[in-house]
Amino acid sequence: MDVSLLAFEWTDTSRHWLIEVPIRIVAYVVVALIIRFVVHRMIDRATTARSRKDRTTADTERGRTPPLVRYLRDRVPSSATNEQVIARRQQRAQTIGSVLKSTVSIVLLVWVVLAVLNVLGVNIAPFIASAGVVGLAIGFGAQNLVRDFVTGVFMLLEDQYGVGDTVDLGEAVGEVESVGLRITTVRDIDGTLWYVRNGEIARVGNMSQEYAVARIEVPVALTADVDRAEQVAVEAAREAVADPALAGKVIGEPEMLGVQELSPDLIRLRMTVKVRPNAQWSVQRKLRRAILRAYDEHGIDLPYPGGRVQTAVGE
C-alpha cells in the first residue's frame, strides 16, 4: 500500500477524531447550555414578580403577581388580605417553576448524551429502544410517584387549596400547613400533622373559600310552642350577631329554616347564617349559647329533665 495514501488516511482520521469530533461535542454542549439558560430565564421571569422600580402606582398589586399565575383563577378566602393573596400566588408560581426547570434540564441532558454518542459513532437506536423499555419499567414501578406529581401540578394550577385553608381530604381534616408537588401536610384539631400524598386525594372539601355557613340546631320539648321557639331563637341570634365581637364574622342575616327533626323525645329546629370562611364554628358556639339563654328567659322548655337549662349558660 502506498505510504502517502496511508499518511493521508491517518491525517484524515486524526483530523476527524482530534478536531471535528471535539468541536461537534462542544457545540452540542454549548447549544444545550444556551437553551437551558434562555428557558430558565424565561421561567424565572414568568414565576417572579417585577421589581419595585419597574412598577407604577396603578399596577403595584398586578406587578407583585408572577405572570405565570396572573391569569389563573384564585380560590383564596374572602377574608384574606392582599399580602396573603400575593404570597399564595408567589408560592404557586415558584413551585410550578421548579418543576418546569427540572423538566427542561432533564430533556436537554438526554438530548446532549444521545447527540454525543451519535457523534462518537455509537449506534443510538438500541439506547432509544432500551430507554423506552426502561422508562416503561420505571413508569410501572414509580407510577404512584408520577401520579403524585401530576396531581400536585394540577392542584397548584387550579388553586384547589393553599396554606392556611381548612380542608377535608378524606382521612385528614384540618388546616393546611404546606403544599408541595408530592405531599400536602395538614394539621388537625388534635394537633396531629398529616402527610397526605397528592395522588391519594380523591376529593377536596375546602372550608375557606368565599364564605361558610354556620348551622345551628336547637332541640325543644314536644310540648313547646314551635312558632314562639322559632321567633325567640331568631331574635336571640340577631342580637348576638349585632355584637361588635361577632359582627365582623357574619355576612348575612340569621335564617330560621324550621323543624328539622321530629322524634318521640324532641323537636329539633334548624337555623343558618352566612359567615366568613373559618368562622362558622365560633359563630355556632356563640349563637347556641345566646339561644339557650333566651329560651331559659322566655320559659321555652328543652327536652331535658325539668325542661330548663339548669346551668348558668350566661356565665
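Model, not experiment: these values are computed from the prediction. (Residues numbered from 1 in each chain as written. Predicted model: local features only at pLDDT ≥ 70, side-chain atom pairs only at ≥ 80, totals over all residues. Heavy atoms only, no water.)

> Could you give an account of the pattern of salt bridges, with specific residues and numbers?
Under the defined criterion, the tally for this structure stands at eight salt bridges. One salt bridge connects Arg203 with Asp168, and the closest N-O pair in it is separated by 3.1 Å. Taken together, the residues span a long stretch of sequence, with Arg203 in the loop between β4 (193–197) and β5 (205–206) and Asp168 in strand β1 (residues 166–168) at a distance of 35 residues. Between Glu177 and Arg187 there is a salt bridge, and its shortest N-O distance comes to 3.0 Å. (Salt bridge = Lys/Arg side-chain N within 4 Å of Asp/Glu carboxyl O. Helix = DSSP H or I, 4+ residues; strand = E, 2+ residues; numbered from the N terminus.)

> I'd love a proper account of the sheet that holds strand β6 (residues 212–220), names of residues and values included.
The strand order across the open sheet formed by three strands is β6-β8-β7, and the pairing between neighbours is antiparallel. Edge positions in the sheet fall to β6 and β7 (255–262), since each of these pairs with one other strand and no more. Strand-to-strand, the axes of this sheet are offset by a mean angle of 25°, without reference to chain direction. Inspection of the sheet shows β7 paired to strand β8 (residues 267–275) by six bridges, in the antiparallel sense. Bridged to Gly258 within β8 is Arg270. On the sheet, helix α7 (residues 226–241) packs against β6, β7 and β8 and is oriented at approximately 25° with respect to β8. (Pairing = 2+ DSSP bridges. Axes fitted to C-alpha atoms, helices over the stretch in contact; angles between N-to-C directions. Contact = heavy atoms within 4.5 Å.)

> Please provide a residue-by-residue account of the sheet that holds β4, values included.
Spatial strand order, β4-β3-β2-β1-β5: five strands in an open sheet with antiparallel pairing. Two strands close off the open sheet at either side, each with one partner strand: β4 and β5. Relative to β5, β1 runs antiparallel, the two sharing two bridges. Of the residues in β5, the one forming a bridge with Val167 is Asn206.

> So, the nonpolar core: which residues are in play, and what are the values?
If you look at the biggest cluster of nonpolar residues, it comprises 30 residues, and the most contacted ones within it are Val220, Val273, Val275, Val283, Leu287, Ile291 and Tyr295. Listed by contribution, the elements that provide at least two residues to this core are β6, α7, β8 and α9 (280–298). Top element by residues in this core is α7. It accounts for eight residues. Discounting chain neighbours no more than four positions away, the residues touching Leu287 are Ile216, Ala237, Ala240, Val241, Leu246 and Val273. One finds Ile96, Val167, Val179 and Val196 within the second-largest nonpolar core, a separate group that totals 13 residues. (Core = buried A, V, L, I, M, F, W, Y, C linked by side-chain atoms within 4.5 Å. Buried < 20%, exposed > 50% of the residue type's maximum accessible area, 1.4 Å probe, protein only.)

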